[in-house]
Amino acid sequence: MRVLVIEDNESVCSMIEMFFSKEGIQGEFVHDGQEGYNRFKEENWDLIIVDWMLPSMDGVTICRKIREEKSTVPIIMLTAKDSESDQVLGLEMGADDYVTKPFSPLALMARIKAVTRRYNSKPSENVETGTLQTEHFKINKITREVILNGKSITNLTPKEFDLLYYFAQHPKQVFSREQLLDRVWGYQFYGDERTVDVHIKRLRKKLGTANQPFFHTVWGVGYKFDETVEEDK
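Our subject in this report is the structure included herewith. None of these values were measured; they are calculated from a predicted model.

### What to know about the packing of helix α6 (residues 158–169) against helix α7 (residues 177–184)
Then, in step 1: The geometry of α6 relative to α7 is characterised by a closest axis approach of 11 Å and an angle of 110 degrees between their N-to-C directions. Taken together, the axes of α6 and α7 are roughly perpendicular relative to one another. Considering the relative orientation of α6 and α7, their crossing is right-handed. Along its contact with α6, which presents Lys159, Asp162, Leu163, Tyr166 and Phe167, the element α7 presents Leu180, Arg183 and Val184.

Written out as structure tokens, the structure is:
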């Protein structure tokens with residue numbers, strides 16, 4: 001695994017580098033935001049770790065610019081900011097996860113492994129036929145057909161279908177309401193964000209069960225799509 005670390009604190013870099021060597025991870029460390037973004041564009045990376053506060057270009061801007069390049073490389077943000085609004089901002093700009101400073105190297109490694117598993121388990125998608133196949137769903141973007149466990153689902157509204165398709169493309173990835181409004185509704189939405197809540201509630205009712213809702217609330221952030229069956233409490 002090749003990881004680009006954009007972090008200006010050399011002691012933090014040394015700590016990460018030590019644990020990378022134990023895990024067999026090849027890391028490159030850059031201490032300047034603009035230089036780090038340039039290195040991202042020059043090579044293919046398996047993961048980007050970026051600090052929020054950096055000289056030349058901050059981590060939030062780097063995340064946004066990487067996503068503007070249409071890159072799907074996983075991004076973990078390191079931040080000393082622990083407020084909910086800051087965390088949501090980082091996720092909105094394209095980070096997949098964040099680690100709040102000060103942090104344990106073991107905690108960072110756990111996040112790296114979790115994000116990597118998430119990307120490696122992405123569903124198969126046939127671009128020519130427009131068909132997306134997950135563990136339980138078969139979704140055709142062209143014909144707008146949905147098959148759930150072999151059963152045809154015909155009662156989805158157009159926006160419910162779009163929301164399901166987007167979530168299925170990004171399993172276990174957490175999205176804020178703002179992100180979903182922008183990416184699924186297709187424009188910058190300035191109205192009531194509760195429209196997302198309403199659509200999620202309808203999808204749960206039409207597709208989910210008590211122990212397998214598919215659409216999960218991540219308190220303080222937003223929602224994620226997860227086909228894992230919840231154990232009975």
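### Quick word on the side chain of Asp97
Then, in step 1: Topologically, Asp97 is positioned in strand β5 (residues 97–100).
Then, in step 2: Here Arg111 takes part through its side chain, which lies 3.0 Å from a polar atom of the side chain of Asp97.

### Concerning the packing of α6 against helix α8 (residues 194–207)
Then, in step 1: Direction vectors running N to C along α6 and α8 enclose 85 degrees, while the axes themselves pass 10 Å from each other. One element, α6, and the other, α8, form an angle in the roughly perpendicular class. Along its contact with α6, which presents Lys159, Glu160, Leu163, Leu164 and Phe167, the element α8 presents His199, Ile200, Arg202, Leu203, Lys206 and Leu207.

### Concerning the nonpolar core
Then, in step 1: Grouped together as the largest cluster of nonpolar side chains are 27 residues, with contacts concentrated most on Phe137, Ile139, Leu164, Phe167, Leu180, Leu207 and Phe215.
Then, in step 2: When contributions to this core are tallied by element, the ones reaching two or more residues are β8 (137–140), β9 (145–148), α6, α7, α8 and β13 (222–225).
Then, in step 3: Ranked by residues supplied to this core, first place goes to α6 with 7 residues.
Then, in step 4: With residues near it in sequence (within four places) discarded, Leu164 still touches Phe137, Ile139, Val146, Leu156, Leu203, Leu207, Phe215 and Phe225.

### Regarding the pairing of β13
Then, in step 1: Two elements, strand β11 (residues 175–176) and β13, share 2 bridges in a ladder whose sense is antiparallel. When the sheet's bridge partners are listed, Phe175 is paired in β13 with Tyr223.
Then, in step 2: Judged from the 4 bridges that link them, strand β12 (residues 215–218) and β13 form a sheet pairing that is antiparallel. What sits directly across from Val218, in β13, is Gly222.
Then, in step 3: As consecutive antiparallel partners, β12 and β13 are separated by 3 residues, and within that stretch Gly220 has a phi angle of approximately 85 degrees, a positive value.

### Some details on the pairing of strand β3 (residues 47–51)
Then, in step 1: Taken across its 5 residues, β3 has 5 buried, putting it largely inside the fold.
Then, in step 2: Alternating residues of β3 divide into Leu47, Ile49 and Asp51 and Ile48 and Val50, and every residue in both groups is buried.
Then, in step 3: The sheet contact formed by strand β1 (residues 2–6) and β3 spans 4 bridges and is parallel. The residue of β3 that forms the bridge with Leu4 is Ile48.
Then, in step 4: As defined by bridge partners, β3 adjoins strand β4 (residues 75–79) across 4 bridges and the pair is classed as parallel. Bridge assignment links Ile49 to a residue of β4, and that residue is Ile76.
Then, in step 5: Read from β3 through helix α3 (residues 59–68) to β4, the crossover connection turns out right-handed.

Rules behind the numbers
- Residues numbered from 1 in each chain as written.
- Predicted model: local features only at pLDDT ≥ 70, side-chain atom pairs only at ≥ 80, totals over all residues.
- Heavy atoms only, no water.
- Axes fitted to C-alpha atoms, helices over the stretch in contact; angles between N-to-C directions.
- Helix = DSSP H or I, 4+ residues; strand = E, 2+ residues; numbered from the N terminus.
- Parallel < 35°, antiparallel > 145°, perpendicular 65-115°, else oblique.
- Left-handed = near helix turned anticlockwise from the far one by under 90°.
- Contact = heavy atoms within 4.5 Å.
- Polar contact = N/O pair within 3.5 Å; in protein donor to acceptor, adjacent residues only side chain to side chain.
- Core = buried A, V, L, I, M, F, W, Y, C linked by side-chain atoms within 4.5 Å.
- Buried < 20%, exposed > 50% of the residue type's maximum accessible area, 1.4 Å probe, protein only.
- Pairing = 2+ DSSP bridges.
- Right-handed = clockwise from strand over helix to strand, strands pointing away.

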